[in-house]
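Structural overview
So the chains spell out like this:
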Amino acid sequence: MGVIDELLANNRAFAASLPTRHLDVHPARMLAIVTCMDSRLDVFAALGLRDGEAHVLRNAGGVITDDVIRSLAISQRRLGKREVMLIHHTDCGIQALTDDGFRAELQQATGVAPAFAIESFADVDADVRQSVLRVRRSPFLLHRDPARGFVYDVDSHSLREIEVDEEG
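Residues numbered from 1 in each chain as written. Predicted model: local features only at pLDDT ≥ 70, side-chain atom pairs only at ≥ 80, totals over all residues. Heavy atoms only, no water.

A short note on the pairing of strand β1 (residues 31-36)
Condition: For every residue, the accessible area (1.4 Å probe, protein chains only) is compared with the maximum for its type, and the residue is labelled buried under 20%, exposed over 50%, or partly exposed between those bounds. By the criteria applied, helices consist of DSSP H or I runs no shorter than four residues and strands consist of E runs no shorter than two, each listed in order from the N terminus. A pair of strands is treated as paired once DSSP finds two or more bridges between them.
Of all the 6 residues making up β1, 6 are buried; the element is thus mostly covered by neighbouring parts of the structure. Across 6 bridges, β1 lies against strand β2 (residues 54-59) in parallel orientation. Following the sheet pairing, Cys36 is matched in β2 by Asn59. For β1 and strand β3 (residues 83-89), the ladder comprises 5 bridges, and the chain directions are parallel. Across the sheet, residue Val34 finds its bridge partner in β3, namely Leu86.

Encoded structure:
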């Protein structure tokens, strides 16, 4: 049995243990969270969230890309989200990459240069600031000012807020 088959069996047991319910498509807390795909960060547990309370968008590094702006625009304009919380973390795997190095690796392996941005970073605090500013400056988002950024410590599990100067 492969890993996916094991996970499907886990889901059957999980679904059988809970009553059927329908949550509203509009998250109760009017919040969207953008964070990294890192498996050490359990966003719901770390923030005390329950199902149906927030949209959680994840990608490598938790960076604000065009696709994240797209999802935030839908979240705000169609589903009523007002606040945006950005969470990067310590010991992020993307910090071990360089844009040029990883792009060259992909091109050498496939023969094609990727069209997408790698968005690697060395300084997590600086990237949080840049991500917050990308949200605050996006013309596609209705609620930009409430965007705030944090760094999650993967060892202590605590959040540290990053102050953002509007001048960038």
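Here the narrative resumes, following the displayed structure.
Topic: the side chain of Lys81
Keep this limit in mind: In this count, Lys and Arg are taken as positive residues and Asp and Glu as negative ones, while His and the chain termini are left out. Within this document, salt bridges are pairs made up of a side-chain nitrogen of Lys or Arg and a carboxyl oxygen of Asp or Glu, the two lying within 4 Å of each other. Pairs of residues are marked as contacts when any of their non-hydrogen atoms sit within 4.5 Å.
One can find Lys81 in the loop between α3 (66-79) and β3. Within the buried core, Lys81 has no salt-bridge partner, and the shortest N-O distance to an opposite charge, that of Asp24, equals 8.2 Å. When near neighbours in sequence (up to four residues on either side) are disregarded, Lys81 contacts His26, Pro27, Met30, Leu31, Ala32, His55, Ser75, Gln76 and His143.

A word on the pattern of salt bridges
For the structure on display, the rule yields 8 salt bridges. Of the charged contacts, one joins Asp51 and Arg21 as a salt bridge, the two residues approaching to 2.9 Å between their closest N and O atoms. Taken together, the positions of Asp51 in the loop between α2 (43-47) and β2 and Arg21 in the loop between α1 (3-17) and β1 put the pair 30 residues apart, joining distant regions of the chain. Owing to a relative accessible area of 45%, Asp51 belongs among the partly exposed residues under this scheme. Assessed through its relative accessible area of 53%, Arg21 is described here as exposed.

Observations concerning helix α4 (residues 99-110)
Quick reminder of the rule: One less than the residue count of a helix, multiplied by 1.5 Å, gives the span that helix is expected to have.
The first and last C-alpha atoms of α4 sit 16 Å apart over 12 residues, in line with the 16 Å expected at 1.5 Å per residue. At the exit of α4 stands Gly111, carrying a positive phi of roughly 85°.

What about the sheet that holds strand β5 (residues 159-162)?
This is how the line gets drawn: Only the contacting stretch of a helix is used when fitting its axis, a line to C-alpha atoms as for every element, and angles between N-to-C directions run 0 to 180 degrees.
The strand order across the open sheet formed by 5 strands is β2-β1-β3-β4-β5, and the pairing between neighbours is mixed. Each edge of the sheet is formed by a strand with only one pairing partner; in this case those strands are β2 and β5. Looking at each pair of strands side by side, their axes are set apart by 25° on average, direction ignored. Here α3 sits on the sheet in contact with β1, β2 and β3, set at roughly 170° to β2. Packing against the sheet, helix α5 (residues 124-137) makes contact with β3, β4 (148-152) and β5, and its axis sits at approximately 160° to β3.

A short note on the nonpolar core
Nonpolar side chains tend to gather and get buried jointly when the protein is soluble and globular. Spelled out, the test is: The set of buried Ala, Val, Leu, Ile, Met, Phe, Trp, Tyr and Cys residues whose side-chain atoms join them within 4.5 Å is what this entry labels a nonpolar core.
Counting 25 residues, the largest nonpolar core has Val34, Ile64, Leu72, Leu86 and Val135 as its most contacted members. Going through the elements one at a time, β1, α3, β3 and α5 are the ones with two or more residues in this core. Looking at which element gives the most residues to this core, the answer is α5, with 5 residues. In this structure Leu86 touches Val34, Ile64, Ser131, Val132, Val135, Arg148, Gly149 and Phe150, once residues within four positions along its chain are discounted. One finds Ile33, Leu41, Leu49 and Val154 within the second-largest nonpolar core, a separate group that totals 11 residues.

A closer look at unusual backbone geometry
Unlike most non-glycine residues, Asp91 shows phi in positive territory, near 55°. Following the sequence through the fold, Asp91 ends up in the loop between β3 and α4.

None of the figures reported here should be taken as evidence of function without further support.
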